[in-house]
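# A structural walkthrough
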Number of protein chains: 2
Amino acid sequence: MQQSNQSPFDVRNRRLMEAKSRPEPSTSPCAACNVRHLTVCDALEGAELQQLAEIVQNVELEPGQPLFDEGERADFVFNVTAGCVKVYKLLPDGRRQVTGFLFAGDFLGLANQDFYAFSAEAVSPATLCRFQRGKLEAAMERFPQLEKRLLGVASHELAVAQEQMLLLGRKTAKERLASFLIKLSESAERRGQSKNPVRLPMTRADIGDYLGLTTETVSRVMTQLKGQGTIALMPNGQVELSDLEKLEDLAGGY
Amino acid sequence: MQQSNQSPFDVRNRRLMEAKSRPEPSTSPCAACNVRHLTVCDALEGAELQQLAEIVQNVELEPGQPLFDEGERADFVFNVTAGCVKVYKLLPDGRRQVTGFLFAGDFLGLANQDFYAFSAEAVSPATLCRFQRGKLEAAMERFPQLEKRLLGVASHELAVAQEQMLLLGRKTAKERLASFLIKLSESAERRGQSKNPVRLPMTRADIGDYLGLTTETVSRVMTQLKGQGTIALMPNGQVELSDLEKLEDLAGGY
DNA sequence: CGTGAAGTTGAGTATGCTCAACGGTGGTGG
DNA sequence: CCACCACCGTTGAGCATACTCAACTTCACG
């Protein structure tokens, strides 16, 4: 049985209290939002954005601070506006599966049921927009294009999830790492950040829990990739993808 | 590297041509549909169902017959009305990950992009309702509750996918099998079929490709579970869950 | 029956895990 | 200001789980 990359005395014990939150000022901040083009909010414009701004609250998280836990009432949905958030599920004995890393523009909290099906926690300092579920649903009634956009987001997430299943079920450790680095690089590029070198804001343990590996294996494979000149490890968790073609070969077609 | 449970000369070579399809008679067959309560179509009623019936076509598949392949233009979406369909992704070297088994009532074909992100193929004789994507989207304009229902389906699928990631990334072979049998049993019950014994319409190879294991491992673990009296193998691919509590323990909390 | 696919079992092995030690780094408090 | 400590990352040795390859049995179907 593989352990989870989780220390017994976990950051979750450091939950500081409620996440800080404050109402937005009344001039439409959504209209001024500099990551809107990445988000579901981009479905709206002008006066609609004004209305959206009225139901949004801002949330700031420190690294390791939980946003919500699996099983809690799903009262809110979120949009990441900066930083990195991980979502994960736990087994009773502590084994962990990170099901995604979310960055600026990513939507978070879709839940069919009344309860979150997963936990969410900041990886790096992060800011999010928070919507009361009921209010967002009301907004979706008024603005059908918002609902349509959300369906698009959900469909996309589904395709991503299927690819991750392929990775977890059928790829080797090296293939998993290669796929991960490439995806992360592409994702950074979409957000207008450095594609190469790419920054890894999460720990080896987080990466392991995302890829279905242990920290040790992640570390070893990194060393291996470094040794063959495919990547180079740089300060601040940056990774240079020195031989992207090689890396794409290793990733096994994805 | 783990192989895929795929024989070189594959059933896909047996694609018979186009799947049989014929228009529905004009009396609303959707109103008479006996699995409607399981489907997205349940969002509609009366005259709306009549309109739906006008854009639906019936598809019948033999075991092993493909419905569509990854990368094809995603012109249709489907609803399974009977039988079992598997959806899967392939790596270039043939390794396969089955991302889901679909049964009566299950919706199929959500695709954000213009192309299917996965392949779909009948496991047992199956019938499906087929909708031209464009026509269904038009119907969603007219009937917003249909779109809402679809968003609900997508959210649910997402939660299921995350649980499967947990299984693939962090569970042992025995836990995977136990989880699988329980889920399948619950799914059968929802459709009003026998919950125990539960029928496995798919091969060991399919199960392996779904659980990220080889056929041999699936077989061995089955034997093991049988040996400890947790399950019993019966004719026709039926499995009796003799000790459900034990099985749930093994499944590791899910 | 005969045939081919599916399923089971066995022997040996490899990949990635476990347990352990150690080096680096950043933050904290004496 | 420096010492300490916790956390993170890396590396090593040994091991276990699940894989590979192979043979054989069972089953469904013609």
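Nothing here was measured: the structure is a model prediction, and the numbers come from that model.

### What about the pairing of strand β12 (residues 238-241) of chain B?
All names here are of chain B. Side chains of β12 alternate between two faces, with Val-239 and Leu-241 buried and Gln-238 and Glu-240 left unburied. Two elements, strand β10 (residues 198-199) and β12, share two bridges in a ladder whose sense is antiparallel. Residue pairing in the sheet places Val-198 in a bridge with Val-239 of β12. The pairing of strand β11 (residues 231-233) with β12 spans three bridges and is classified as antiparallel. Looking at the pairing, Ala-232 lines up with Glu-240 of β12. Where β11 hands over to β12, the hairpin turn is made up of four residues, of which Asn-236 adopts a positive phi near 65°.

### Some thoughts on the relation of the copies chain B and chain A
Note: a rotation about an axis with an accompanying shift along it relates these two copies of the chain. The transformation that overlays chain B on chain A combines an axial shift of 0.0 Å with a rotation of 180°, and the residual RMSD is 0.0 Å. The relationship between the two copies is best expressed as a two-fold rotation axis. Taken as a fraction of all interface residues of chain B, those also at the interface in chain A reach 98%, which identifies the copy contact as same-surface.

### Focus: helix α3 (residues 133-142) of chain B
Since there are 3.6 residues in each turn of an α-helix, residues three or four apart along the chain are aligned in direction. Burial in α3 of chain B covers these residues: Arg-133, Leu-136, Ala-139 and Met-140 of chain B. Along the axis of α3 of chain B, the buried residues cluster in a sector spanning 120°; they form a single face. Along its buried surface, α3 of chain B packs onto α4 (144-170) of chain A together with α2 (47-54), β4 (76-82), β7 (107-108), β9 (126-132) and α4 (144-170) of chain B.

### Some remarks on the domain arrangement of chain A
Residues and elements named next belong to chain A. We note that the domain assignment places domain 1 (11-157) and domain 2 (171-251) within chain A. Each partner contributes residues to the interface: domain 1 has 13 residues there, and domain 2 has twelve residues. Both faces considered, domain 1 and domain 2 share a buried interface measuring about 1000 Å² in area, 65% of it formed by carbon and sulfur atoms. Contact with domain 2 buries surface across domain 1, with Val-98, Phe-101 and Phe-103 losing the most and accounting together for 47% of the total. For the interface between domain 1 and domain 2, the tally reads two salt bridges. The residue Asp-209 makes a salt bridge to Arg-96 at a minimum N-O spacing of 3.4 Å. Linking domain 1 with domain 2 are five residue pairs in polar contact (both at pLDDT 80 or more), by the criterion used here.

### With respect to the packing of aromatic side chains
According to the stated counting rule, one finds 14 aromatic pairs over all chains in the structure shown. Both rings, one in Phe-101 of chain A and one in Tyr-210 of chain A, keep their centres 5.0 Å apart while their planes meet at 55°; by these two values the pair is tilted. Taken together, the residues Phe-101 of chain A in strand β6 (residues 96-102) and Tyr-210 of chain A in helix α6 (residues 204-211) connect sequence positions 109 residues apart. We classify Tyr-210 of chain A as buried; its relative accessible area is 14%. Their ring planes at 10° and their centres at 3.6 Å tell us that Phe-68 of chain B and Tyr-116 of chain B sit as a pair that is stacked. Note that Phe-68 of chain B is positioned in strand β3 (residues 66-68) and Tyr-116 of chain B in the loop between β7 and β8 (119-122), a separation of 48 residues in sequence. For the residue pair Phe-68 of chain B and Tyr-116 of chain B, the accessibility class agrees, reading buried in each case. One aromatic cluster is present, formed by Phe-68, Phe-76, Phe-78, Tyr-116 and Phe-118 of chain A through successive ring pairs.

Thresholds, definitions, all that
Residues numbered from 1 in each chain as written. Chains lettered and ligands numbered in written order. Predicted model: local features only at pLDDT ≥ 70, side-chain atom pairs only at ≥ 80, totals over all residues. Heavy atoms only, no water. Buried < 20%, exposed > 50% of the residue type's maximum accessible area, 1.4 Å probe, protein only. Helix = DSSP H or I, 4+ residues; strand = E, 2+ residues; numbered from the N terminus. Pairing = 2+ DSSP bridges. Least-squares fit on C-alpha atoms with pLDDT ≥ 70 in both. Contact = heavy atoms within 4.5 Å. Arc of directions from axis to C-beta. Domains from an automatic or database assignment. Buried area = accessible area lost by both parts, 1.4 Å probe. Salt bridge = Lys/Arg side-chain N within 4 Å of Asp/Glu carboxyl O. Polar contact = N/O pair within 3.5 Å; in protein donor to acceptor, adjacent residues only side chain to side chain. Phe/Tyr/Trp six-rings, centres within 6.5 Å; stacked < 30°, edge-to-face > 60°.

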